[in-house]
Amino acid sequence: MIIAIVGAGMGGLALARVLHLHGIEAVVYERESSRAARGQGGMLDIHSGQRALREAGLIDRFHAIARSEGQDMRLLEPDGTLLLRQDTPEDAPLDRPEVDRADLRDMLLDSLPADAVRWGHAFNSADNGLLRFADGSSATYDLLVGADGAQSRVRALLTDARPAHLGQNVVEVGIPDIDRTHPELAAMVGRGNFWVIGNGLSLAAQRNGDGRVRIGVCFYNTPENWFATSAIPFDDPAAVRARLIELLPGWDARFTALIAACDDLVAPRSISALPVGLIWPSQPDRTLVGDAAHLMPPVGEGANMALLDGASLGLALAAHQGDIPTAVATYEREMFERTGAAARMSARVQELLTAPDASRRMLAFFQPD
Ligand SMILES: Cc1cc2nc3c(=O)[nH]c(=O)nc-3n(C[C@H](O)[C@H](O)[C@H](O)COP(=O)(O)OP(=O)(O)OC[C@H]3O[C@@H](n4cnc5c(N)ncnc54)[C@H](O)[C@@H]3O)c2cc1C
């Protein structure tokens, strides 16, 4: 049985690891040239995904790299009003710790045989048991698993569905080594998540493991081509900072000071998602895991679902060895139901964020009583 996994992200690696634990080898084809080829950046909030890491025999290693204090939360309004402050006690359980995406990916990669990932293999097409890569090489498979993320190419072999823009555009910036360079801003942001929401905008600052604070300025209810009309000069980082501050009129000076303190790394990100509850007729030799199967708004479910998908498919293949179609159908039944619920929940949170009174709605979400 030759299992070919396209994509060495959360879903593909979790699948490869669970298969490896059950004595089933798989090959992961990844388009990047090495594990260090691209900065993975950012923190992930891992909650339900811990079940997958337990199945993968990695929960202790995960707890060693997870940051409990990353669960801290501060919610504010643009005029400076503090709505919510939650500090994680020293002895708090690791229910939703934050982990550096690069650390989590390294942990998964290190848990696999050295030759499990074939770097520099960009999937191009597949048919009749033959995979073709962008460099002209090819490989055979009995089962093809598309774990190739939001812009999946494998997806088209199962469904015509495509991600649609959610009316949200984000500019990502950041402050390096904040404790040393801007201690007063570091104290304001705290150890975890710092969120200012209001007037159709949000500013989300999050402390990363390496001391960098990543900041996303989100513009809700904006069209897909918004960056082209926003007058944000992406080729000039200093001018980007000035324009972002201009786009936050009336915001407390402490919040705009966060933007002014950023370095020159700027990334625009347009947010899209697949239809909620997407399913497809099961195919005997191909399936999808992670964002390829169910890209959702980025409200903290995607990586968790990708890890769970990988574990679920791995367990199904181990339970139905020699019968790939049954394993795939079993996995997809469980995955469609679980990720459909997560996508509905994510869509509801996304709706709260775009509402005129978003900050109060988010407060009610975090403090239901
Ligand atoms: C800013 C941001 C913050 C987020 N925060 C959270 C969070 O806190 N919690 C959470 O649960 N989720 C979060 N998410 C969502 C999460 O990152 C994704 O849902 C998750 O990474 C999906 O995993 P995946 O394995 O499906 O895809 P990915 O992790 O994206 O991996 C896909 C892999 O496939 C490779 N690939 C792509 N195309 C090809 C090809 N043609 N050939 C070969 N390889 C290919 C890519 O290089 C990549 O390595 C966040 C997302 C964003 C954008």
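The rules behind these values
- Residues numbered from 1 in each chain as written.
- Predicted model: local features only at pLDDT ≥ 70, side-chain atom pairs only at ≥ 80, totals over all residues.
- Heavy atoms only, no water.
- Pairing = 2+ DSSP bridges.
- Helix = DSSP H or I, 4+ residues; strand = E, 2+ residues; numbered from the N terminus.
- Axes fitted to C-alpha atoms, helices over the stretch in contact; angles between N-to-C directions.
- UniProt positions renumbered as here; feature names shortened; annotations may be inferred.
- Contact = heavy atoms within 4.5 Å.
- Polar contact = N/O pair within 3.5 Å; in protein donor to acceptor, adjacent residues only side chain to side chain.
- Near = heavy atom within 4 Å.
- Nonpolar A, V, L, I, M, F, W, Y, C, P; charged D, E, K, R; others polar.

Asker: Whenever I open this one, the sheet that holds strand β14 (residues 201-207) confuses me. Can you help?
Answerer: Sheets are built from strands paired through backbone hydrogen bonds, the pairs being either parallel or antiparallel. The mixed open sheet is built from seven strands, whose spatial order is β5-β4-β13-β14-β15-β12-β16. In this open sheet, the two strands that pair with only one neighbour each are β5 (82-86) and β16 (267-273). Strand-to-strand twist across the sheet, computed as the mean angle between neighbouring axes with direction ignored, equals 15°. Taken together, the seven bridges between strand β12 (residues 164-175) and β16 define a ladder with antiparallel strand orientation. Each bridged residue has a counterpart across the sheet, and for Val170 the counterpart in β16 is Arg269.

Asker: Help me out: how do you make sense of the pairing of strand β8 (residues 123-127) in this one?
Answerer: Regular strands have side chains that alternate between both faces of the sheet. Bridging between β8 and strand β9 (residues 130-133) involves four bridges; their strand directions are antiparallel. Following the sheet pairing, Ala126 is matched in β9 by Leu131. A loop of two residues connects β8 with β9, the two strands running antiparallel in sequence, and Asn128 in this loop sits at a positive phi of about 45°.

Asker: Is there a simple way to explain the UniProt feature "binding site: FAD" (unreviewed entry) in the chain in this structure?
Answerer: In this structure's numbering, the residues bearing the UniProt feature "binding site: FAD" (unreviewed entry) are Asp45, Arg101 and Asp291. Within the fold, Asp45 resides in strand β3 (residues 43-45). Excluding its chain neighbours within four sequence positions, the residues that come into contact with Asp45 are Arg96, Pro97, Glu98, Gly300 and Asn304. Here the side chain of Asp45 touches Arg96 through a polar contact of 2.8 Å, side chain to side chain. Along the polypeptide, Arg101 turns up in helix α4 (residues 101-110).

Asker: I'm lost on the site of the ligand in this one. Help?
Answerer: Neighbouring the ligand are 31 residues; Glu30, Arg101, Phe123, Asp291 and Ala303 lie closest to it. Within the contact set of the ligand, an oxygen atom lies 2.8 Å away from a backbone nitrogen or oxygen of Asp45. Within the residue set of the shell around the ligand, elements represented by two or more residues are α1 (10-21), β3, α4 and α11 (302-319). A per-element tally of the shell around the ligand places α11 first, with four residues. For the shell around the ligand, the per-class residue count stands at 11 nonpolar, nine polar and 11 charged.

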